[in-house]
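Close look at the chain arrangement
Below are the chains, spelled out letter by letter.
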Amino acid sequence: MTQTTAKKRVSTKAIIKQWREFYLQYFGLEIDLSTVKIPRLKKSYDRLNIIAQGLTLKRVLEAMRKVFMVWTAYDNDDLDKAITSIRNTEKSYTIRVKDSIEPDQEYLGKSADEADLHQKLGITLLERLVLELKYFHETGEHLDIKGWTLCTGSRFGSSYVPGVRWNPCYRGVYVSCGSSGFACSGNGLRSVV
């Protein structure tokens, strides 16, 4: 990923400028981040992810579909009603995630129930989709090539967890859901701070 390099870190000010340009280009939004709290840089959590006030899953999927293929197991008109998340977009906010293509190594092969039963660690579906679009914007490549990111900060119903991955067969991003108790070796969560 490109927000950091082995030799030199990009300043937070420069990263915020990149995010403002990203939101203007993909969503036509001029976002004010002057009051947004930026989480302190924590070891390994060096990718900043900014979520704009009022952003919806439907709007993110529409923006993604303008630049690459996206399939979902949901009815797009009801996606925002069907998915509940631990964070919302009443106001803009930021999170940090690990700067990696695949889910966090320490959670691979664990179900959402094993890794994040109380929904306190993981990325939400909205955050994961914004991360995908931003990463593609920066690199022209996709995340989750080998397995799924379990979006444990979100739920579909009471016991289903959304998941996202790049599907090489269909050459597109696929959004689905599975039981919170299901585990597979290549799947895992992306923890946030």
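Because the structure is a prediction, the values reported are computed rather than measured.

1. Observations concerning the overall build of the protein
Tallying secondary structure elements over the protein gives 5 helices and 9 strands in all. Against the globule reference of 16 Å for 193 residues, the protein gives a C-alpha radius of gyration of 16 Å, in line with a compact fold. A principal-axis box enclosing the C-alpha atoms of the protein has dimensions of 40 × 35 × 35 Å. A sequence separation of at least 24 residues applies to 74% of the contacts in the protein between residues at least 6 apart. Surface summary for the protein: the accessible area is close to 9,800 Å², and the carbon and sulfur share equals 51%. Between the mean site of the 29 positive side-chain charges and the mean site of the 22 negative ones, the protein shows a separation of 7 Å.

2. Considerations on helix 5 (residues 125-139)
Side chains that are three or four residues apart share a direction in an α-helix, a result of its 3.6 residues per turn. In a regular helix each residue adds 1.5 Å, so 15 residues correspond to 21 Å; helix 5 covers 21 Å between its end C-alpha atoms and thus fits that length. Considered for burial, the residues of helix 5 that qualify are Leu125, Leu126, Glu127, Arg128, Leu129, Val130, Leu131, Glu132, Leu133, Lys134, Tyr135 and Phe136. Looking at the residues trailing helix 5, positive phi occurs at Gly140, about 75°.

3. Some remarks on the nonpolar core
Residues Tyr23, Phe27, Met64 and Leu129 are the most contacted members of the largest nonpolar core, which totals 44 residues. When contributions to this core are tallied by element, the ones reaching two or more residues are helix 1 (12-27), strand 1 (47-51), helix 2 (57-65), strand 4 (93-97), helix 5, strand 7 (160-167) and strand 8 (172-179). Top element by residues in this core is helix 5. It accounts for 8 residues. With residues near it in sequence (within four places) discarded, Tyr23 still touches Gly28, Leu29, Ile31, Ile50, Ile51, Ala52, Leu55 and Val130.

4. Section: unusual backbone geometry
For Ser44, which is not a glycine, the phi torsion comes out positive at approximately 80°. Along the chain, Ser44 falls in the loop between helix 1 and strand 1. Taking the relative accessible area as the measure of exposure, Ser44 reaches 40% and is therefore partly exposed. Despite not being glycine, Asp144 has its phi angle at roughly 55°, a positive value. Position of Asp144 among the secondary structure elements: in the loop between helix 5 and strand 5 (149-150). Note on Asp144: relative accessible area 0%, which makes it buried.

5. Structural notes on the pairing of strand 8
As paired strands, strand 2 (residues 69-72) and strand 8 are joined by 4 bridges and run parallel to one another. For Thr72, the partnering residue across the bridge sits in strand 8 and is Val175. Examined bridge by bridge, strand 7 and strand 8 share 8 bridges and lie antiparallel to one another. Directly across from Val161, in strand 8, lies its bridge partner Gly178. If you look at the hairpin formed by strand 7 and strand 8, you'll find 4 residues sitting between the two strands, and Arg171 has a positive phi there, around 50°.

6. A look at the packing of helix 1 against helix 5
Helix 5 packs onto helix 1 with a crossing angle of 100° between their chain directions and a minimal axis gap of 11 Å. Between helix 1 and helix 5, the interaxial angle falls into the category roughly perpendicular. Contacts between helix 1 and helix 5 pair Gln18, Trp19, Phe22, Tyr23, Gln25, Tyr26 and Phe27 from the former with Val130, Leu133, Lys134 and His137 from the latter. Of the residues in the contact of helix 1 with helix 5, the class split is 7 nonpolar, 3 polar and 1 charged.

7. Let's talk about the environment of Tyr160
Among the structural elements, Tyr160 can be located in strand 7. A relative accessible area of 40% means that Tyr160 is categorised as partly exposed. As a C-alpha pair, Tyr160 and Ile83 span 77 residues in sequence and 9.6 Å in three-dimensional space. Filtering out sequence-adjacent residues up to four positions away, Tyr160 remains in contact with Ser154, Arg155, Cys177, Gly178, Ser179 and Ser180.

8. Looking at the packing of aromatic side chains
Per the stated rule, a full pass over the model turns up 10 aromatic pairs. One aromatic cluster is present, built from ring pairs that chain together Trp19, Phe22, Tyr23, Tyr26 and Phe27. Directly above the ring of Trp19 sits Lys134, whose terminal nitrogen or CZ lies 4.9 Å from the centroid. A cation over an aromatic ring shows up here: Lys134 above the ring of Phe22, its NZ or CZ 6.0 Å from the ring centre.

The rules behind each value
- Residues numbered from 1 in each chain as written.
- Predicted model: local features only at pLDDT ≥ 70, side-chain atom pairs only at ≥ 80, totals over all residues.
- Heavy atoms only, no water.
- Helix = DSSP H or I, 4+ residues; strand = E, 2+ residues; numbered from the N terminus.
- Rg over C-alpha atoms; globule rule 2.2 N^0.38 Å.
- Contact = heavy atoms within 4.5 Å.
- Areas by Shrake-Rupley, 256 points an atom, 1.4 Å probe, with all protein chains shown as cover.
- Lys, Arg positive; Asp, Glu negative; His and termini not counted.
- Charge placed at Lys NZ, Arg CZ, Asp CG, Glu CD.
- Expected span 1.5 Å × (residues − 1).
- Buried < 20%, exposed > 50% of the residue type's maximum accessible area, 1.4 Å probe, protein only.
- Core = buried A, V, L, I, M, F, W, Y, C linked by side-chain atoms within 4.5 Å.
- Pairing = 2+ DSSP bridges.
- Axes fitted to C-alpha atoms, helices over the stretch in contact; angles between N-to-C directions.
- Parallel < 35°, antiparallel > 145°, perpendicular 65-115°, else oblique.
- Nonpolar A, V, L, I, M, F, W, Y, C, P; charged D, E, K, R; others polar.
- Phe/Tyr/Trp six-rings, centres within 6.5 Å; stacked < 30°, edge-to-face > 60°.
- Lys NZ or Arg CZ within 6 Å of the ring centre and 35° of its normal.

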